[in-house]
Amino acid sequence: MDEQRTGTEVDTGAEPVAETPATPGGAGKDRGAGGGAGAPEDDEGRSSPGRVPAWLRTVGRGWRHPRLRWPKRVALALVLMVVVSTLATGIALRVNYSGDPAPGTQTRNRDALWMGHAWVDGRKKDADVKALAKRLRATGIRDLYVHAGPLEHDGTLPESAYPKARWLVGAVHRELPGVRVQAWLGDVLATEGEVGMRLERAATRAAVVRSAGQILDAGFEGAHFDLEPLHSDDSNYLSLLDELRRVTRAHDAQLSVAAHQIDPLPNLHSVVGAFTAHPKWWSQSFFGQVARRVDQIAVMSYDTALPLESLYGGYVAEQTSLALEVTPKSTDLLMGLPFYYEDNMDHHGSAETVAAAVRGTRLGLSRTDRTREHFGVALYVDFAAREKDWTAYEEGWVR
């Protein structure tokens, strides 16, 4: 999920052609006019008019031969399992979206906003910072994740990528005292293709660590990493976080990450990964391992492909609960809000609304750990946000 969102049967209309089944004939059987295709047989297998053999009676009702019955029955059973499972999942998500959030499950003033590259490349000016401050001053926003990359595939970061970093940090401190500015660094991983960053290379990880120190020396108050697609149980990623944590602590800065969603069903990432090249989810255990190594973890709780607000909101409630169960109380857990509109196979804008995400977040918080202090929401992304998105966030979460 970088600034450009890196953090993406044919009906021919013809009538079916009826086939006339051929009656199987044994060796030496008379195949004359009385015993041709479709000619019925008597109880002893001889051809006789007016009688239809049992196997032929099933033609037109789905079974053409006894030997084909079991494969088709298995296929039908699998289809039914998928249908029933889908219905059950939908009902469960809808139920998960019911009820009322508990009082007090609103902003803890630890929210974050993902921001585009224009803030550090010279396109934004002092007037833009003043307008941003006016927008954020009455909200719970504490951290700004400002796109300062992307990283090169070898882990390096050219200084030319963020020429206005010091100006931005100073301007934000002047207009919004107490708000931190972190560098949002990301890249595509070579986990599902030939091109991308390879975390298994020690030299690449070392370069990423140097890049983190580089942007902290430039004035940023934290390093926010979004590396995708990141598969569950990646030990190289955990090693990288351990190395990054030493650098951010030495600079008294924040280490934060954008996180994949958690398996809604146990080991679902393994099942999906066995049939596709994109497992999508992390195991809950891996999510916890990541959360224990960082100061902030922001769940990218959008792009779910769910078609209805109630289903999406129920899904966010579940994701919130799953994340709360394994995130240390000292780590800021942030649930992502979709501050953008798209309508495609991965994201239905009419379903994935800010209002549904906020309600789902509050329901999950209410049921799991309603007094958690190190908790908030993260807004993705400033340059795509509409006024209705800000209103839904402010009315549902801030007030």
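Rules used in this analysis
- Residues numbered from 1 in each chain as written.
- Predicted model: local features only at pLDDT ≥ 70, side-chain atom pairs only at ≥ 80, totals over all residues.
- Heavy atoms only, no water.
- Pairing = 2+ DSSP bridges.
- Helix = DSSP H or I, 4+ residues; strand = E, 2+ residues; numbered from the N terminus.
- Axes fitted to C-alpha atoms, helices over the stretch in contact; angles between N-to-C directions.
- Contact = heavy atoms within 4.5 Å.
- Core = buried A, V, L, I, M, F, W, Y, C linked by side-chain atoms within 4.5 Å.
- Buried < 20%, exposed > 50% of the residue type's maximum accessible area, 1.4 Å probe, protein only.
- Arc of directions from axis to C-beta.
- Phe/Tyr/Trp six-rings, centres within 6.5 Å; stacked < 30°, edge-to-face > 60°.
- Lys NZ or Arg CZ within 6 Å of the ring centre and 35° of its normal.
- Salt bridge = Lys/Arg side-chain N within 4 Å of Asp/Glu carboxyl O.

Student: Would you explain the sheet that holds strand E5 (residues 254–259) in this entry?
Tutor: Note on sheets: strands pair through backbone hydrogen bonds, and any given pair is parallel or antiparallel. Taken together, eight strands build a closed barrel; the order of strands is E1-E2-E3-E4-E5-E6-E7-E8 and the barrel is parallel. Averaged over all pairs of adjacent strands, the angle between their axes in this sheet comes to 25°, without regard to strand direction. Seen against the sheet, helix H8 (residues 284–291) touches E5, strand E6 (296–299) and strand E7 (332–338) and runs at an angle of roughly 145° to E6. The sheet strands contacting helix H9 (residues 309–326) are E6, E7 and strand E8 (375–380), and the helix crosses E7 at an angle near 165°.

Student: Which parts of the structure should I look at to understand the nonpolar core?
Tutor: Among soluble globular proteins, nonpolar side chains are generally buried collectively. Ranked by size, the top nonpolar core spans 97 residues in total, and within it Trp114, Leu144, Tyr162, Phe225, Tyr237 and Tyr393 carry the most contacts. Apart from residues lying up to four places away in sequence, Tyr393 is in contact with Asp111, Thr139, Gly140, Ile141, Leu337, Phe339, Val354, Val377, Leu379 and Val398. Judged by nonpolar contacts, the second largest core, of five residues, contains Leu93, Leu306, Leu311 and Tyr315.

Student: Before we go on, may I ask you to explain helix H3 (residues 126–136) in this structure?
Tutor: An α-helix turns once per 3.6 residues; consequently, residues spaced three or four apart project the same way. Among all positions in H3, only Val129, Leu132, Ala133 and Leu136 are buried. Along the axis of H3, the buried positions cluster into a sector of 100°, meaning they face one direction only. Of the exposed residues in H3, those oriented more than 90 degrees away from the buried face are Ala127 and Lys134. Along its buried surface, H3 packs onto strand E1 (111–115), strand E2 (141–147), helix H4 (165–175) and helix H11 (387–398).

Student: Would you mind going over the packing of aromatic side chains with me for this structure?
Tutor: Across all of its chains, the model carries 14 aromatic pairs by this definition. Pairing Trp114 with Tyr145 gives two aromatic rings, centres 5.8 Å apart and planes at 55°, and the pair type is tilted. Here the residue Trp114 occupies a position in strand E1, and Tyr145 occupies one in strand E2, the gap between them amounting to 31 residues. Grouping residues by exposure puts Trp114 and Tyr145 together as buried. Here the aromatic rings of Trp114 and Tyr380 are separated by 5.6 Å at their centres, their planes lie at 75°, and the arrangement is edge-to-face. Within this pair, whereas Trp114 is found in strand E1, its partner Tyr380 is found in strand E8, the two being separated by 266 residues in sequence. Across the pair, Tyr380 and Trp114 agree in class, each one buried. Three or more aromatic residues link up through ring pairs in this structure, and these residues are Trp114, Tyr145, Trp184, Tyr302, Tyr340 and Tyr380. The residue whose ring lies beneath Lys124 is Trp119, and the NZ or CZ to ring-centre distance is 4.9 Å. Here the guanidinium or amino end of Arg359 rests over the ring plane of Tyr97, the centre of that ring lying 4.9 Å away.

Student: Would you mind going over the pattern of salt bridges with me for this structure?
Tutor: Where charged atoms from two side chains of opposite charge come close, those side chains can pair. Enumeration according to the criterion identifies 16 salt bridges in this entry. Linking Asp295 and Arg245 is a salt bridge whose minimum nitrogen-to-oxygen distance equals 3.3 Å. With Asp295 in the loop between H8 and E6 and Arg245 in helix H6 (residues 235–250), this residue pair connects regions lying 50 residues apart in the sequence. Assessed through its relative accessible area of 14%, Arg245 is described here as buried. With a closest N to O distance of 3.6 Å, Arg399 and Glu394 form a salt bridge. Arg399 gets classed as exposed once you look at its relative accessible area, which sits at 61%. Because the salt bridges share partners, they merge into one network encompassing Asp126, Lys130, Arg137, Arg174 and Glu175.

Student: Hey, could you run me through unusual backbone geometry in this one?
Tutor: Both trends apply: most residues other than glycine have a negative phi, and most peptide bonds are in trans. With an omega of 5°, the peptide bond between Gly149 and Pro150 qualifies as cis. Cis geometry is adopted by the peptide bond preceding Pro229, which originates at Glu228 and carries an omega value of -10°. Looking at the element boundaries, Pro229 is found in the loop between strand E4 (222–228) and H6. Even without being glycine, Asp233 reaches a positive phi, approximately 65°. Relative to the assigned elements, Asp233 resides in the loop between E4 and H6. Accessibility expressed as a relative area gives 46% for Asp233, which makes it partly exposed. One non-glycine residue with positive phi stands out, namely Ala305, at about 70°.

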